[in-house]
Amino acid sequence: MESTGEFGSAPNSSDMLRVENQLQVHRKRWLSVQMAQFLSKVEAAEKVSIDRMIRTHMETIVKSNSLSKLKQFVEHFESHAAGIEARLQLARLLLERGHLLNAELELIELERCEDSATAATATMMLARMLVDNAKLEEAAMCVQRLAGQWSNVVNLDGQTGQQIAATMLEDETLRKWI
């Protein structure tokens, strides 16, 4: 990946946009905010069409399995439902490719999502990743959230938080941390 699109790369001066005399903002952040403001002002009939186009674009990018394209889409549409769904797909792809730190950061962001099914799914994915990597203390905290905060929430895989927690707690080594 190129340096400006690479995960965890520090922004350089060309990535920054001066918005006021003493204030600069990352170009990607500015674009995301502008997009969210634009979408919030669009009339309902137009919004349906725009949402459909955004979703179609997201589906094309997801099918491409390109980390850089998916990351860019998330950056541009992070407040849109398709952007949130794309962030979840990005986290899955990062996990599959072994980019655990970046996957963890995306999942932590998704845990704060307003959509409870998405937040519960992110918590489940994070818990499984942590178990797989012997981070049992941290995994136990996720499992507790699944059994508590998300106990009755059906995640995007079709199980409740309580069901996932019960399955995960069959692992004796994880149970020791609860």
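All residue numbers refer to positions counted from 1 along the written sequence of the respective chain. With pLDDT at 70 or above as the cut-off, local features in this predicted model cover only qualifying residues; side-chain atom pairs require 80 or more to be listed or tallied, and sums for whole chains, interfaces and linings still use all residues. Just so you know, side-chain values use all the structure's heavy atoms and leave hydrogens and water out.

(A) Fine view of the nonpolar core. To define a nonpolar core, start from buried Ala, Val, Leu, Ile, Met, Phe, Trp, Tyr and Cys residues and group those joined through side-chain atoms within 4.5 Å. Per-residue accessibility, obtained with a 1.4 Å probe over protein chains only, is compared with the maximum for each type, and a residue is labelled buried under 20%, exposed over 50%, and partly exposed between these values. L107, L146, M168 and L174 are the most contacted members of the largest nonpolar core, which has 25 residues in total. Note on conventions: DSSP H or I runs of at least 4 residues are helices, E runs of at least 2 residues are strands, and numbering of each starts at the N terminus. For this core, the secondary-structure elements that each account for two or more residues are helix 4 (81–96), helix 5 (100–111), helix 6 (116–132), helix 7 (136–147) and helix 8 (161–168). For this core, the element with the most residues is helix 6, which contributes 9 residues. When residues no more than four places from it in sequence are discounted, the contact partners of L146 are A120, T123, M124, A127, S151, G161, Q162, I164, A165 and M168. What makes two residues a contact is simply this: any of their non-hydrogen atoms within 4.5 Å.

(B) Structural context of the packing of helix 3 (residues 67–76) against helix 4. One way to put it is that helix 3 packs onto helix 4 with a least axis distance of 9 Å and a crossing angle of 150 degrees. When the axis of helix 3 is compared with that of helix 4, the two are roughly antiparallel. As for the relative orientation of helix 3 and helix 4, their crossing is left-handed in sense. For the pair helix 3 and helix 4, contact is made by L67, L70, K71, F73 and V74 and by A82, G83, A86, R87, Q89, L90, L93 and L94, respectively. For helices, the axis comes from a line fit to the C-alpha atoms of the stretch in contact; other axes are also lines fit to C-alpha atoms, and the angle between any two N-to-C directions lies between 0 and 180 degrees. Working rule for angles: under 35 degrees goes down as roughly parallel, over 145 as roughly antiparallel, 65 to 115 as roughly perpendicular, anything else as oblique. Handedness of each helix crossing follows the sense of rotation of the near helix against the far helix: counterclockwise by less than a right angle gives left-handed, clockwise gives right-handed.

(C) Geometry of the pattern of salt bridges. We define a salt bridge as a contact between a side-chain nitrogen of Lys or Arg and a carboxyl oxygen of Asp or Glu at a distance within 4 Å. Under the definition given, this model contains 8 salt bridges. Between D157 and R92 there is a salt bridge, and its shortest N-O distance comes to 3.5 Å. Placement of the pair is D157 in the loop between helix 7 and helix 8 and R92 in helix 4, with a sequence separation of 65 residues. Judged by its relative accessible area of 24%, R92 falls in the partly exposed class. One connected set of salt bridges, linked through shared partners, spans K71, E78, R87 and E106.

(D) Representation of the side chain of S151 in the model. Assignment of secondary structure puts S151 in the loop between helix 7 and helix 8. Discounting residues that sit within four places of it in the chain, S151 has contacts with L146, T160, G161 and Q162.

(E) Local environment of a nonpolar patch on the surface. Any residue with relative accessible area above 30% and no salt bridge may belong to a patch, with like charges joined within 9 Å and the nonpolar Val, Leu, Ile, Met, Phe, Trp and Tyr side chains within 5 Å. Areas reported here follow the Shrake-Rupley algorithm with a probe of radius 1.4 Å; residue values treat only the protein chains shown as occluding. Residues V19, L23, W30 and L31 make up a contiguous nonpolar surface patch of roughly 320 Å² in combined accessible area. Positionally, L23 belongs in strand 2 (residues 23–26). For L23, a relative accessible area of 41% translates into the label partly exposed.

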